[in-house]
Amino acid sequence: MNKDEQTYHIPVLLKESVDGMNIRPGGIYVDVTFGGGGHSREILSRLGEGGRLFGFDQDEDAERNITENPQFTFVRSNFRYLRNFLRYHGIEQVDGILADLGVSSHHFDDSQRGFSFRFDGELDMRMNKRAGLTAADVVNTYDESRLADIFYLYGELKNSRKLSATLVKARGANHIRTIGEFLEVVKPLFGHEREKKELAKVFQALRIEVNREMEALKEMLQAATEALKPGGRLVVITYHSLEDRMVKNVMKTGNAEGKADVDFFGNLRAPFRLINNKVIVPDKEEIERNPRSRSAKLRIAEKREKPSNE
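What you see is a predicted model; the values in this text were computed from it and never measured.

Undergrad: Quick one: what's the story with empty space enclosed by the protein, residue by residue and with numbers?
TA: The final tally for this structure, using the stated rule, is two cavities of 30 Å³ or more. By volume, the second largest cavity amounts to about 30 Å³. Lining the second largest cavity are K248, M251, K252, L274, N276 and R299. Examining the composition of the lining of the second largest cavity, we find that three residues originate from one element, helix 12 (residues 241–253), more than from any other.

Undergrad: Provide a residue-level description of the packing of aromatic side chains, including the pertinent values.
TA: Taken as a whole and assessed by the stated rule, the structure comprises four aromatic pairs. Taking the centre distance of 5.6 Å and the plane angle of 70° together, the rings of F34 and F74 count as edge-to-face. In this pair, F34 sits in the loop between strand 1 (28–31) and helix 3 (38–45) while F74 sits in strand 3 (residues 72–75), placing the two residues 40 residues apart along the sequence. Of the two residues, F34 and F74, neither departs from the other in class, the shared state being buried. A network of ring pairs unites the aromatic residues F34, F72 and F74 as a single cluster.

Undergrad: Can you explain helix 7 (residues 144–155)? Please cite residues and give values.
TA: Over its 12 residues, helix 7 runs 16 Å from end to end, which matches the ideal 16 Å to within 8%, given 1.5 Å per residue. Every buried residue of helix 7 is listed here: L147, A148, I150, F151, Y154 and G155. What you see down the axis of helix 7 is that its buried residues fit within an arc of 165°, all on one side. On its buried face, helix 7 is in contact with helix 6 (135–141), helix 8 (160–173), helix 10 (195–210), helix 11 (213–227) and helix 12. Of the residues that open helix 7, the one with a side-chain oxygen 3.2 Å from the backbone nitrogen of S145 is D143. Looking at the residues trailing helix 7, positive phi occurs at E156, about 50°.

Undergrad: Explain the packing of helix 9 (residues 179–186) against helix 10 residue by residue, including any values.
TA: Where helix 9 meets helix 10, the closest approach of the two axes is 12 Å, and the angle between their N-to-C directions is 125°. By the angle between their axes, helix 9 is oblique relative to helix 10. The chirality of how helix 9 crosses helix 10 is right-handed. In contact with I179, F182, L183 and V186 of helix 9, helix 10 contributes L199, V202, F203 and L206.

Undergrad: Which residues make up the UniProt feature "binding site: S-adenosyl-L-methionine" (unreviewed entry) in the chain, and what values go with them?
TA: UniProt tags G37, G38, H39, D57, F79, D100 and H107 as "binding site: S-adenosyl-L-methionine" (unreviewed entry). Its location among the elements puts D57 in the loop between strand 2 (52–56) and strand 3. If sequence neighbours within four positions are ignored, D57 has contacts with T33, F34, G35, A62, F74, V75, R76 and S77. Of note is the side chain of D57, whose polar atom sits 2.8 Å from the backbone nitrogen of G35.

Basis of the calculations
Residues numbered from 1 in each chain as written. Predicted model: local features only at pLDDT ≥ 70, side-chain atom pairs only at ≥ 80, totals over all residues. Heavy atoms only, no water. 1 Å grid on protein atoms, 1.4 Å probe; cavity = no way out; pocket = protein on both sides within 12 Å on 5 of 7 lines; lining within 4 Å. Points joined across faces, edges and corners; volume = space filled by probe spheres on them. Helix = DSSP H or I, 4+ residues; strand = E, 2+ residues; numbered from the N terminus. Phe/Tyr/Trp six-rings, centres within 6.5 Å; stacked < 30°, edge-to-face > 60°. Buried < 20%, exposed > 50% of the residue type's maximum accessible area, 1.4 Å probe, protein only. Expected span 1.5 Å × (residues − 1). Arc of directions from axis to C-beta. Contact = heavy atoms within 4.5 Å. Polar contact = N/O pair within 3.5 Å; in protein donor to acceptor, adjacent residues only side chain to side chain. Axes fitted to C-alpha atoms, helices over the stretch in contact; angles between N-to-C directions. Parallel < 35°, antiparallel > 145°, perpendicular 65-115°, else oblique. Left-handed = near helix turned anticlockwise from the far one by under 90°. UniProt positions renumbered as here; feature names shortened; annotations may be inferred.

This is the structure in C-alpha cells:
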C-alpha cells in the first residue's frame, strides 16, 4: 500500500473502536465501512489463526486499499446487504461488527465526486458511482415540497422552504449541473458568518438523499442485530444527530424508532447491553491531528444471551 492510499482516510477513534470490539483471535468480524482500510488493518493485527475479517464498501475506490491477507475478504456492496453477503460466504453469525459512518477525507478531497463545496465539479455525491441518482438529479427533478423536506429533515435547515423555492425558480431558467452553479443559487440565502456551516448542512442533506443513507443504516443495524452472536459487539462511530439517534435507539431498544418492547410486567426487552452509557468522543490531540473527528461519537453495545427483562 503506497503513501497516497494510506492517506485515503485517517481512522477516527481507532484504538477506542477496535478495543470496543473485544477481539478474540479466532473470531469472525466485519468492518462494514472499509474505506481506507485503517480500522480493518488494526482488527487484522489482533486476529490469530482461524480469525476472519470481512470488509464491506460500495465505492470502487476503496478496492485500491485492500490488504493482501488470507484472513480478509472484501465485499463490494452497500452495508445494507450485510446479512445476504455473509450468508453467501457461509457465515451465519459473527463476533463483532464495526461501522464508521463518516464520509472519508478521500471523498471530500476529490473534486470529481461532488461532496465538497470547496471545489467546482459535477454535482454528483454518489458513494457508489454505479448508482443512477446524482445530487444534480435531486436538485433538478424533485418538486419544491420534497426538496424542502430533505433540507429540513436531513440538514436541519430552518430556511428549507425558502431554499427549495429558490432552487426551483433557478432551475426553471437553467439546469443546475455543477457545484459552482449550485452555489451561485444558494449562497445568497446564508449570512457570511455562518455560510460554511449552513452550506455543510445543505451538502449533507443532498448526500444523505442521494445515497439513501438513513434507509441503508436502518437496514444494516437490523441485519447486524440478527448477525451477531450472543456476546458479540456492535461498534458504531456517528457524525451527525440523525444517524446517532438511530444507532442509540437500536442499541437501547432494538429498533430504529426507539419504541420500547416491554413484557407483561412492563420491563424493557432489548437485544443489546450498552458497554458505554456515555458516548466516547475524540480527545483534543486527535481532533488537532484529524479535524474530521471533531463531531465523532462512539457507541458500543453487546448482544445479550437473550432479550433483557431489566
